[in-house]
Amino acid sequence: PGVDEAINSEPVKLLCGVDHTRDQTYFLAAVPQAALRQTIFPLGGMLKSRVREIACQAGFDYIAQRKESRGICFVGKRKFRDFLRQYIDVNPGPIHTLDGKEVGKHDGAQFYTIGQRATVPGKDKYYVVRADAK
């Protein structure tokens, strides 16, 4: 095989960006290899504060000074859980620690992503490491 064929047959490596508070690898991991192969992530090596500085220097102050958003644009001004409930069945279940101890209940595995904080009333902070929607 030629060089291009060899390069295109290797799996794309998805790396975490330097700004761990903005990491989107859990979402990007679901993007097909063919799409990732044609994608460039030019901001992965910068903190958001640096990106904002560059935007201001380039005359984009109005963008750089916008209020922070962590929502999903197509959902609008609705709570994300309410949005999802319109389209999927909800299956509540137990929250387990890595050693199998049940520490609480959740509203449905579909409401959580890997790495997300899971609030358990009266307990320490827990983070999602696996979701089993059985």
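Now for a look at the structure at hand.

About the cut-offs
Residues numbered from 1 in each chain as written. Predicted model: local features only at pLDDT ≥ 70, side-chain atom pairs only at ≥ 80, totals over all residues. Heavy atoms only, no water. Helix = DSSP H or I, 4+ residues; strand = E, 2+ residues; numbered from the N terminus. Buried < 20%, exposed > 50% of the residue type's maximum accessible area, 1.4 Å probe, protein only. Contact = heavy atoms within 4.5 Å. Polar contact = N/O pair within 3.5 Å; in protein donor to acceptor, adjacent residues only side chain to side chain. 1 Å grid on protein atoms, 1.4 Å probe; cavity = no way out; pocket = protein on both sides within 12 Å on 5 of 7 lines; lining within 4 Å. Points joined across faces, edges and corners; volume = space filled by probe spheres on them. Nonpolar A, V, L, I, M, F, W, Y, C, P; charged D, E, K, R; others polar.

### A few points about the overall build of the protein
Within the protein, the regular secondary structure consists of 6 helices and 4 strands. Its helices and strands in sequence order give the protein the pattern α-α-α-α-α-α-β-β-β-β, from N to C terminus. Going through the 134 residues of the protein one by one, you find that 16% of them count as buried. Within the protein, counting contacts between residues at least 6 apart in sequence, those at least 24 apart form 26% of the total.

### Overview of the environment of Arg117
Mapping Arg117 onto the fold places it in strand E3 (residues 117-118). Residues contacting Arg117, with those up to four places away along its chain left out, are Lys125, Tyr126 and Tyr127.

### Looking at the environment of Glu102
The residue Glu102 is located in strand E2 (residues 102-106) in this model. Its relative accessible area of 41% is what places Glu102 among the partly exposed residues. Once you skip the residues sitting within four places of it in the chain, Glu102 turns out to touch Pro94, Ile95 and His96. In this structure the side chain of Glu102 is engaged in a polar contact, spanning 2.9 Å, whose partner is the side chain of Lys105.

### As for the layout of surface pockets
Within this model, the second largest pocket holds a volume of roughly 580 Å³. Taken together, 23 residues line the second largest pocket, and the ones lying closest to its centre are Pro94, Ile95, His96, Arg130 and Ala131. Of all elements in the fold, only strand E1 (93-96) and strand E4 (126-127) reach the threshold of two or more residues within the lining of the second largest pocket. Top element by residues in the lining of the second largest pocket is E1. It accounts for 4 residues. A class-by-class count of the residues in the lining of the second largest pocket yields 13 nonpolar, 7 polar and 3 charged.

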